[in-house]
Amino acid sequence: FFSNTSPTVGMRELLTNVCRRLSGRNDAISATFRLDTSFGGGKTHGLIALLHASQAGKKIPGIAEFVDPTYLPSEPVRIAAFDGENADPANGRRMMDGIRAYTPWGEIAAQLAGKEGYELVRRSDEGRVAPGADTIAELFGDQPVLVVLDELGEYLRKVRHLEGRDQPTG
């Protein structure tokens, strides 16, 4: 991936900021990053770079062109990815262990911690509401977590289309 990617200023900044955060550095900035580029501006490419860097880190040849290797996480990072374009807020999306997730939080919980994680957010997921901060903190735990959200706007358009309709609760 990185051998076919240009180390642009934006890509280096994104990787540096997120990797510093995942490494628990005191100089890390916000826990939330919004990628704001025009259509075709590389948002998904940036998210893929984050996934690779947080999983393989220092094993990636030439990674220093993109991020200072001292910023790369030294412990395993739990990762969840949500793709709003393929989400199905009306019917849910089949996950593992018979789980059907209706919201980003349901999918994220299942990816991070399987059935046990999903059970933490089940009522919120089935009710189509965001879980509270304490529930999210319990789900994330003490280990570094990377959550990437792609095409969230598309997901929100689907949800808006459902407004006013009776939604099954699973």
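Everything below is about the structure printed above this text.
Student: Can you help me understand the overall build of the protein chain in this one?
Tutor: Along its length, the protein chain carries 5 helices and 4 strands. For the protein chain, the N- to C-terminal ordering of α and β elements is α-α-β-β-β-α-α-β-α. Buried positions account for 36% of the 170 residues belonging to the protein chain. Of the contacts made within the protein chain by residues no fewer than 6 positions apart, 64% connect residues no fewer than 24 positions apart. Of the roughly 10100 Å² that the protein chain leaves accessible, carbon and sulfur atoms contribute 48%.

Student: Explanation requested: the side chain of Glu 107 in the structure shown.
Tutor: Examined against the element boundaries, Glu 107 turns out to sit in helix 3 (residues 104–127). By relative accessible area, which is 3% here, Glu 107 ends up buried. A polar contact is formed between the side chain of Glu 107 and the side chain of Arg 93, at a distance of 2.9 Å.

Student: How do you make sense of helix 2 (residues 43–56) when you look at a structure like this?
Tutor: What sets the pattern is the α-helix's 3.6 residues per turn: residues three or four places apart point alike. With 14 residues, helix 2 should cover 20 Å at 1.5 Å per step; its first-to-last C-alpha distance of 20 Å lies within 8% of that length. Within helix 2, burial applies to Gly 46, Leu 47, Ala 49, Leu 50, Ala 53 and Ser 54. In an axial view of helix 2, the angular spread of the buried residues amounts to 155°, which keeps them on one side of the axis. Against the buried residues of helix 2 lie helix 1 (9–22), strand 1 (78–83) and strand 4 (145–150). Downstream of helix 2 by a residue or two, Gly 57 has a phi angle that is positive, lying close to 45°.

Student: What is the right way to read the nonpolar core from this model?
Tutor: When a protein is soluble and globular, its nonpolar side chains tend to lie buried together. Grouped together as the largest cluster of nonpolar side chains are 20 residues, with contacts concentrated most on Phe 2, Leu 15, Leu 50, Ile 63, Val 67 and Leu 146. Taken together, the elements giving at least two residues each to this core come down to helix 1, helix 2 and strand 4. The biggest single contributor to this core is helix 1, with 6 residues. Residues within four places of Ile 63 in sequence aside, it is in contact with Phe 2, Gly 57, Lys 58 and Leu 72.

Student: What is the right way to read the pairing of strand 1 from this model?
Tutor: Side-chain direction in a regular strand flips from residue to residue, so the side chains alternate between the two faces of the sheet. A one-sided burial pattern is seen for strand 1, the buried positions being Arg 78, Ala 80 and Phe 82 and the unburied ones Ile 79, Ala 81 and Asp 83. Pairing of strand 1 with strand 4 involves 6 bridges; the strand directions are parallel. By the bridge assignment, Arg 78 is partnered in strand 4 with Val 145.

Student: Mind showing me how you'd approach the packing of helix 1 against helix 2 here?
Tutor: Helix 2 packs onto helix 1 with a crossing angle of 40° between their chain directions and a minimal axis gap of 10 Å. Considering the angle they form, helix 1 stands oblique to helix 2. The hand of the helix 1/helix 2 crossing is right-handed. Two secondary-structure elements touch here, helix 1 through Met 11, Leu 14, Leu 15, Val 18, Cys 19 and Leu 22 and helix 2 through His 45, Gly 46, Ala 49, Leu 50, Ala 53 and Ser 54.

Student: What am I meant to see in the pattern of salt bridges here?
Tutor: Any two side chains of opposite charge can pair, on the condition that their charged atoms come close. Evaluation of the coordinates by the stated rule reveals 4 salt bridges. With a closest N to O distance of 2.9 Å, Glu 107 and Arg 93 form a salt bridge. Residue Glu 107 is located in helix 3, and its partner Arg 93 is located in strand 2 (residues 93–94); the two are separated by 14 residues in the primary sequence. Because the salt bridges share partners, they merge into one network encompassing Glu 119, Arg 122 and Glu 126.

Definitions and cut-offs
Residues numbered from 1 in each chain as written. Predicted model: local features only at pLDDT ≥ 70, side-chain atom pairs only at ≥ 80, totals over all residues. Heavy atoms only, no water. Helix = DSSP H or I, 4+ residues; strand = E, 2+ residues; numbered from the N terminus. Buried < 20%, exposed > 50% of the residue type's maximum accessible area, 1.4 Å probe, protein only. Contact = heavy atoms within 4.5 Å. Areas by Shrake-Rupley, 256 points an atom, 1.4 Å probe, with all protein chains shown as cover. Polar contact = N/O pair within 3.5 Å; in protein donor to acceptor, adjacent residues only side chain to side chain. Expected span 1.5 Å × (residues − 1). Arc of directions from axis to C-beta. Core = buried A, V, L, I, M, F, W, Y, C linked by side-chain atoms within 4.5 Å. Pairing = 2+ DSSP bridges. Axes fitted to C-alpha atoms, helices over the stretch in contact; angles between N-to-C directions. Parallel < 35°, antiparallel > 145°, perpendicular 65-115°, else oblique. Left-handed = near helix turned anticlockwise from the far one by under 90°. Salt bridge = Lys/Arg side-chain N within 4 Å of Asp/Glu carboxyl O.

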